[in-house]
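Secondary and tertiary structure notes
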Amino acid sequence: MVREITLIGVPMDLGQTRRGVDMGPSAIRYAGVIERLENLEYEVKDMGDIKIGRRDSTPSDGHDNLKNLQEVEQASEELARAVSETINSKRFPLVLGGDHSIAIGTLAGVAKNYKNLGVIWYDAHGDLNTADTSPSGNIHGMPLAASLGIGHEKLTNIAGYAPKIKPENVVIIGARSLDEGERELIKEKGIKVFTMHEIDRLGMARVMEETIGYLAGCDGVHLSLDLDGLDPHDAPGVGTPVLGGISYRESHLAMEMLAESEVITSAEFVEVNPILDERNKTATVAVALMGSLFGEKLL
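Notes on the structure in this doc start here. (Residues numbered from 1 in each chain as written. Predicted model: local features only at pLDDT ≥ 70, side-chain atom pairs only at ≥ 80, totals over all residues. Heavy atoms only, no water.)

1. Comments concerning helix H10 (residues 248-261)
Over its 14 residues, H10 runs 20 Å from end to end, which matches the ideal 20 Å to within 8%, given 1.5 Å per residue. If you check which residues of H10 are buried, you get Ser251, His252, Ala254, Met255, Met257, Leu258 and Ala259. Among the structural elements, strand E4 (117-122), helix H9 (204-214), strand E7 (220-226), strand E8 (264-270) and helix H11 (281-293) are those in contact with the buried residues of H10. The positive-phi residue at the C-terminal boundary of H10 is glutamate 262, with phi of around 55°. (Helix = DSSP H or I, 4+ residues; strand = E, 2+ residues; numbered from the N terminus. Expected span 1.5 Å × (residues − 1). Buried < 20%, exposed > 50% of the residue type's maximum accessible area, 1.4 Å probe, protein only. Contact = heavy atoms within 4.5 Å.)

So, in structure tokens, the structure goes:
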């Protein structure tokens, strides 16, 4: 991996309705992310937080099922620029969320620097909804669809191009809560998914081996890790917890195998909500997983 890391905080809470996730970047910093990475001999630059607009109390553009559309669009454009500039500076962008809608901006900034970007979506959810399929209208359930070029043009066309990624270059790991529209889209596009059934049956080691092999033809791989991918026992401070998730130890193994493979070229850790947490446990878990992703070993 690149030995120079730039941290980009995105205190976004507009992609969903539960307050507190905007404090996620601060909680992750408080949990010692900079010290953890510097102890691994990375040079870390913290560029601070992207500015996020105020919550809109009225539907945007007359689209009743897209909450805070204008504000999410603006933040995504700014994040895309920051991420792209980081990559152009030969540094590794590590984005701290914030809700998962930030991935729209992250991927917009990352993908313009690669011809064939792969994506590992580590999440309990598919995040493949659109305004037409979303039960809630929360944009944090739409970033993967938007990055595939599916959805409202204000979300799909961030940074002036679409799509950002190809469905055959996406692997979802840990899925256990999918809406009907998401299931149909997965089948239609042939997206690779390892549900909890596959993780239980195959084991995390084989899941990661197959994931790494599946993305072997990509010229870069982005990791988008939602802390609700883990079981709520291990990561309670998330807005949409789903029982029966990936364990803490399985998640470390996944990160360790990604570190060994040296395929990850950018990453984001999202959905840490300190208000819903237990003594900053989820942020601490996030930092520990970052340690494993960046090569931390016991011996």
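2. Some remarks on unusual backbone geometry
Between glycine 97 and glycine 98 the backbone carries a cis peptide bond, its omega angle lying at 15°. In this fold, glycine 98 is placed in the loop between strand E3 (92-97) and helix H4 (103-111). Going from alanine 162 to proline 163, the amide bond is cis rather than trans, its omega being -5°. Structurally, proline 163 is set in the loop between helix H6 (153-156) and strand E5 (170-175). Residue lysine 90 is not a glycine yet carries a positive backbone phi of 65°. Looking at the element boundaries, lysine 90 is found in the loop between helix H3 (69-88) and E3. One non-glycine residue with positive phi stands out, namely glutamate 262, at about 55°. Checked against the element boundaries, glutamate 262 lands in the loop between H10 and E8.

3. Looking at the environment of threonine 133
Assignment of secondary structure puts threonine 133 in the loop between E4 and helix H5 (143-147). Between the C-alpha atoms of threonine 133 and alanine 108, which are 25 residues apart in sequence, the distance is 23 Å. Only 2.7 Å separates the side chain of threonine 133 from the side chain of asparagine 129, close enough to count as a polar contact. Only 2.9 Å separates the side chain of threonine 133 from the backbone nitrogen of threonine 130, close enough to count as a polar contact. (Polar contact = N/O pair within 3.5 Å; in protein donor to acceptor, adjacent residues only side chain to side chain.)

4. Some words on the sheet that holds strand E1 (residues 4-10)
Strands sit in the order E2-E1-E3-E8-E7-E4-E5-E6 across an open sheet of eight strands; the sheet is parallel. Looking at the sheet topology across the chains shown, the edges are occupied by strand E2 (43-49) and strand E6 (192-195). Put simply, the sheet's adjacent strands are angled 15° from each other on average, direction ignored. Relative to E5, E4 runs parallel, the two sharing four bridges. (Pairing = 2+ DSSP bridges. Axes fitted to C-alpha atoms, helices over the stretch in contact; angles between N-to-C directions.)

5. A look at the packing of aromatic side chains
Applying the stated criterion across every chain, the model contains two aromatic pairs. Ring centres of tyrosine 42 and phenylalanine 294 lie 5.3 Å apart, and the angle between their planes is 80°; on these two criteria the pair is classed as edge-to-face. Taken together, the positions of tyrosine 42 in the loop between helix H2 (33-39) and E2 and phenylalanine 294 in the segment after H11 put the pair 252 residues apart, joining distant regions of the chain. Residue placement shows arginine 3 over the ring face of tyrosine 42; its charged tip is 3.8 Å from the ring centre. (Phe/Tyr/Trp six-rings, centres within 6.5 Å; stacked < 30°, edge-to-face > 60°. Lys NZ or Arg CZ within 6 Å of the ring centre and 35° of its normal.)

6. As for the nonpolar core
Within the largest apolar cluster, 48 residues are counted, with the highest numbers of intra-cluster contacts made by Leu94, Tyr122, Ile173, Leu223, Leu227 and Phe269. Not counting chain neighbours up to four residues away, the residues in contact with phenylalanine 269 comprise Ile28, Leu94, Val95, Leu96, Gly97, Leu223, Leu225, Leu227, Ala286, Leu289, Met290 and Leu293. In this structure, Met12, Ala75, Met142 and Ala145 belong to the second largest nonpolar core, which totals 45 residues. (Core = buried A, V, L, I, M, F, W, Y, C linked by side-chain atoms within 4.5 Å.)

7. Observations regarding the layout of surface pockets
Roughly 310 Å³ of internal volume is contained in the largest pocket. The space that makes up the second largest pocket amounts to roughly 180 Å³. For the second largest pocket, the lining is made up of 13 residues, of which Glu256, Ala259, Glu260, Gly295 and Lys297 are closest to its centre. For the lining of the second largest pocket, the leading source of residues is H10, giving three residues. Classifying every residue of the lining of the second largest pocket gives five nonpolar, two polar and six charged. (1 Å grid on protein atoms, 1.4 Å probe; cavity = no way out; pocket = protein on both sides within 12 Å on 5 of 7 lines; lining within 4 Å. Points joined across faces, edges and corners; volume = space filled by probe spheres on them. Nonpolar A, V, L, I, M, F, W, Y, C, P; charged D, E, K, R; others polar.)

These figures capture arrangement, not role.
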